[in-house]
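# Geometric and topological summary
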Amino acid sequence: MNLRNHPHLKNILIAVCGGVLGTFAFAPYNFSFSILITVFTLNYFWYQKKYQARYTFLTLVSLIYPTVFWLNTSMTEYSDVPMAVAATAILLLSAYLSLYHTVLIYIANKMFRGQIFIKNVLLIPALWIIADYLAGNMFTGFPWVYIGYTQTDTFMNALAPIGGVYLITMVILLSVSLFWYALTTKRIISYTFSVLVFVLPLFLGNLQFTESKEPISVAMVQGNISQEIKWDPSKAQDIFTTYYDESKPYFSGEKKVDLLIWPESAVPDLENFVEFLLVSLDDRALKNKFAFVTGIQTYSVSTKSYYNAVIGLGLKDPEGMQVYQPFENNRYYKRHLVPIGEKVPFEELLREYGSFFNMPMSSFTPGDTIQPNIIAAGHKIATAICYEIAYPNEMLDNIHDDTSILLTVSNDGWFGVPPKGTSSYRLSRGPLQHANIARMRALEFQKPVIRATNTGLSAVYDHGANEIMSLPFYQVSSGEVHLTPMVGSTPFGKYGLLIIFSIVSLMLSVSFLYLLMSIMTKH
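Just so you know, these numbers come straight off a predicted model, no measurement behind them.

Cut-off values and rules
- Each residue is numbered by its place in its chain's sequence as written, counting from 1.
- The model is predicted, so local features are restricted to residues of pLDDT at least 70 and side-chain atom pairs to those at 80 or more, both for listing and for counting; the totals for chains, interfaces and linings are taken over all residues.
- Only hydrogens and water are removed before side-chain values are computed, so all heavy atoms of the structure are retained for them.
- Helix and strand assignments come from DSSP, with helices taken as H or I runs of at least 4 residues and strands as E runs of at least 2, each series counted from the N terminus.
- With the radius of gyration taken over C-alpha atoms, the globule rule is written as 2.2 Å times the number of residues to the power 0.38.
- Categorising residues by exposure relies on relative accessible area from a 1.4 Å probe, with only protein chains included: less than 20% of the type maximum marks a residue as buried, more than 50% marks it as exposed, and the intermediate range marks it as partly exposed.
- When checking whether two residues touch, look at their non-hydrogen atoms; a contact exists if any pair is within 4.5 Å.
- The Shrake-Rupley method, run with a 1.4 Å probe sphere, supplies the accessible areas, and residue values consider only the shown protein chains as cover.
- Here a pair means two rings of Phe, Tyr or Trp (six-membered ring of Trp) with centres within 6.5 Å. Their orientation is stacked below 30 degrees between planes, edge-to-face above 60, and tilted elsewhere.
- Ring-over charges, as used throughout, are those where CZ of Arg or NZ of Lys falls within 6 Å of the ring centre and within 35 degrees of the ring normal.
- Polar contacts, as counted here, are pairs of nitrogen or oxygen atoms within 3.5 Å of one another; within protein the pair requires one atom able to donate a hydrogen and one able to accept it, and residues that are adjacent in sequence qualify only if both atoms are side-chain atoms.
- Note on terminology: a nonpolar core comprises buried Ala, Val, Leu, Ile, Met, Phe, Trp, Tyr and Cys residues joined through side-chain atoms within 4.5 Å.
- To estimate how far a helix should extend, the number of its residues minus one is multiplied by 1.5 Å.
- The reported bend at a residue is simply the angle between two axes, fitted to the 7 residues ending at it and to the 7 residues beginning with it.
- Nonpolar side chains (Val, Leu, Ile, Met, Phe, Trp, Tyr) are joined into patches within 5 Å and like charges within 9 Å, using only residues with over 30% relative accessible area and no salt bridge.
- Salt-bridge detection follows one rule: a side-chain nitrogen of Lys or Arg within 4 Å of a carboxyl oxygen of Asp or Glu.
- Each axis is a line fitted through C-alpha atoms, taken for helices only over the stretch in contact, and angles between the N-to-C directions span 0 to 180 degrees.
- For classification purposes, angles smaller than 35 degrees are called roughly parallel, those larger than 145 roughly antiparallel, those between 65 and 115 roughly perpendicular, and all remaining angles oblique.
- When the near helix sits turned anticlockwise from the far one by under a right angle, the crossing is termed left-handed; a clockwise turn instead gives a right-handed crossing.
- When residues are grouped by polarity, Ala, Val, Leu, Ile, Met, Phe, Trp, Tyr, Cys and Pro land in nonpolar, Asp, Glu, Lys and Arg in charged, and all others, Gly among them, in polar.

## Digging into the overall build of the protein
Regarding its fold elements, the protein presents 17 helices and 14 strands. Its C-alpha radius of gyration of 25 Å places the protein within 12% of the 24 Å reference for a compact globule of 523 residues. Classification of the 523 residues of the protein by burial places 57% in the buried group. Of the contacts made within the protein by residues no fewer than 6 positions apart, 71% connect residues no fewer than 24 positions apart. If you sum the accessible surface of the protein, you get close to 22100 Å²; carbon and sulfur atoms cover 62% of it.

So this is what it looks like as structure tokens:
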């Protein structure tokens, strides 16, 4: 078949291949610059004389769908959803996320038809950032497949502490668009600017904005509790024993540590029912002069609400202040709940329609937007539970100059399961992508990140996103490492999204000013 005679088929193949190849830039493959194939593919369609939005849409769906297909595990394995239904649901999610970019770029092409430089070099990269933000935040959002996340381990990461993941995305889009403009116009100056924009991060070097404090020793426990028993009340004692036995050297004083971390919902019961147990752990931690931070669920009698929480016990500061006060201070309540998994919209209606809307622990209340840091061993810890770490704009709310450690706890066991009839797990891409996103937060704020999970990937990263300790996937394990807390703020930490949206506003202003002048000239 001669594809020249079938231009639509040719474009479909280019869009699908260009999108799919881009997925290899994300974890676990980490072929970072394969994302350029996707961006070049998009520009190929944007620079065509007759723009057709369907190919932008198809390219994006082909990028997002395979990248997030791991979401099917929680549906097929734990909610009895048929694979065909799960695959369709993920396809619809991918299509929804792609619509923001497709619609905005379609409008740009309608308004700026014929204005190649303004439309493709200035307007579209600016609109892309707006679309990223909208897709990542509207209707709870899913900020997972950002182009910038592919550059965690490249020289592009020098941009993270200045403008965050969004600035990395912007620079890649801008440099590729300039290159395509040069190809179209044959202007050497455009090639030059394209290269200069692309290598801009190299000129930044390793700018250091935060300052180090005295290193501390951190221990982390991974319980590897299977989802089949995690919410079984009859297994609660066994689950707690698993975590305590792995932590016993610290609580007994056999090993010295400054900070001990258990992951999300590690304590297998409501705080209300294990208060006596927590008081005992608090006493032992205080006696042995270490701080203990763990995930737990709690119920507020006053508000009649359930919360997914992280609480701090043991040593609060060097003076030895006892910190645990049930249901009161030194805690964090998850604010961004997982739809269906933690909060079912239209709950009374949807819960009647099968197990998919009746997952365990799916009736939580969100915590406040602004919450104080957990204080542990004299350090202020900004906390994120599960996929909250993927929302940089929300992390900004609770990370301050004196915040010295970022903590993210998660139960990624939803996304890695043993094949039927075996005890060995197949590894999902989800936890690896999740960990890579956490590393981007370390780069943006130049503060260390502790990532504690139930099944893996549990790891500790320094302020440069370098892994300094990790625990093996799907094993009961624990580990220790010396961590250097960091205080102060990066430009991104101080100004947040103001930097990137100032750039976006400037690009939009120039674009629309040019459009206005063009209209006035015609008349």
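## With respect to the packing of aromatic side chains
For the structure shown, the criterion picks out 32 aromatic pairs. The interplanar angle of 70° and the centroid separation of 6.1 Å between the aromatic rings of F240 and W262 together place this pair among those described as edge-to-face. Taken together, the positions of F240 in helix α11 (residues 236–251) and W262 in the loop between β3 (259–261) and α12 (275–287) put the pair 22 residues apart, joining distant regions of the chain. Each member of the pair, F240 together with W262, is buried. Each member of the aromatic cluster is reached from another via a ring pair, and the members are F240, Y243, Y244, F251, W262, F290 and F292. Cation over ring: K230 sits above W231, and NZ or CZ is 5.4 Å from the ring centre.

## Comments concerning the side chain of N43
Residue position: N43 is located in helix α2 (residues 35–46). Owing to a relative accessible area of 0%, N43 belongs among the buried residues under this scheme. Side-chain polar atoms of N43 contact the backbone oxygen of V39, separated by 2.9 Å. Apart from residues lying up to four places away in sequence, N43 is in contact with V176, S177 and W180.

## What to know about the environment of I385
Along the chain, I385 turns up in strand β8 (residues 379–385). C-alpha of I385 to C-alpha of R335: the two residues are 50 residues apart in sequence and 8.6 Å apart in space. If we skip the residues at most four places from it in the chain, I385 touches E264, N308, A309, V310, Y332, K334 and V409.

## Topic: the nonpolar core
With 121 residues, the main nonpolar core has V68, W144, L259 and I450 as its most contacted residues. With 15 residues, the top contributor of residues to this core is helix α7 (residues 160–185). In this structure, V257, L260, L278 and Y307 belong to the second largest nonpolar core, which totals 27 residues.

## Re α7
For α7, spanning 26 residues, the distance from its first C-alpha to its last is only 32 Å, which falls clearly below the expected 38 Å at 1.5 Å a residue. At Y166, α7 is bent by approximately 75°, the largest bend along its length. Counted residue by residue, α7 has 22 buried out of 26 residues, so it is predominantly covered. Phi for K186, located one or two positions after α7, is positive at around 60°.

## Details of a nonpolar patch on the surface
A surface patch of nonpolar side chains, about 510 Å² in accessible area, is lined by L99, V103, Y106, I107, M111 and F512. In terms of residue count, helix α5 (residues 83–111) provides more of the nonpolar patch than any other element does, 5 residues in total. One can find M111 in helix α5.

## As for the pattern of salt bridges
One pass over the structure, following the stated rule, counts 8 salt bridges. Residues R439 and D153 are paired through a salt bridge, measuring 2.5 Å at the closest nitrogen-oxygen approach. Of the two residues, R439 is situated in helix α15 (residues 429–445) and D153 in the loop between α6 (116–137) and α7; the sequence distance between them amounts to 286 residues. Using a relative accessible area of 13% as the deciding quantity, one classes R439 as buried. In this structure, D397 and R335 form a salt bridge, with 3.0 Å as the shortest nitrogen-oxygen distance. Within this pair, whereas D397 is found in the loop between α14 (392–395) and β9 (403–410), its partner R335 is found in the loop between β6 (331–333) and α13 (347–350), the two being separated by 62 residues in sequence.

## Re the packing of α6 against α7
At their nearest, the axes of α6 and α7 sit 9 Å apart, and the two run at 155° to each other. Considering their axes alone, α6 and α7 lie roughly antiparallel with respect to each other. α6 and α7 meet at a crossing whose hand is right-handed. Counted together, I116, F117, N120, V121, P125, A126, W128, I129, D132, Y133 and N137 of α6 and Y166, T169, M170, L173, L174, S177, L178, Y181 and T184 of α7 form the full contact between these two elements. Counted by class, the contact of α6 with α7 contains 14 nonpolar, 5 polar and 1 charged residues.

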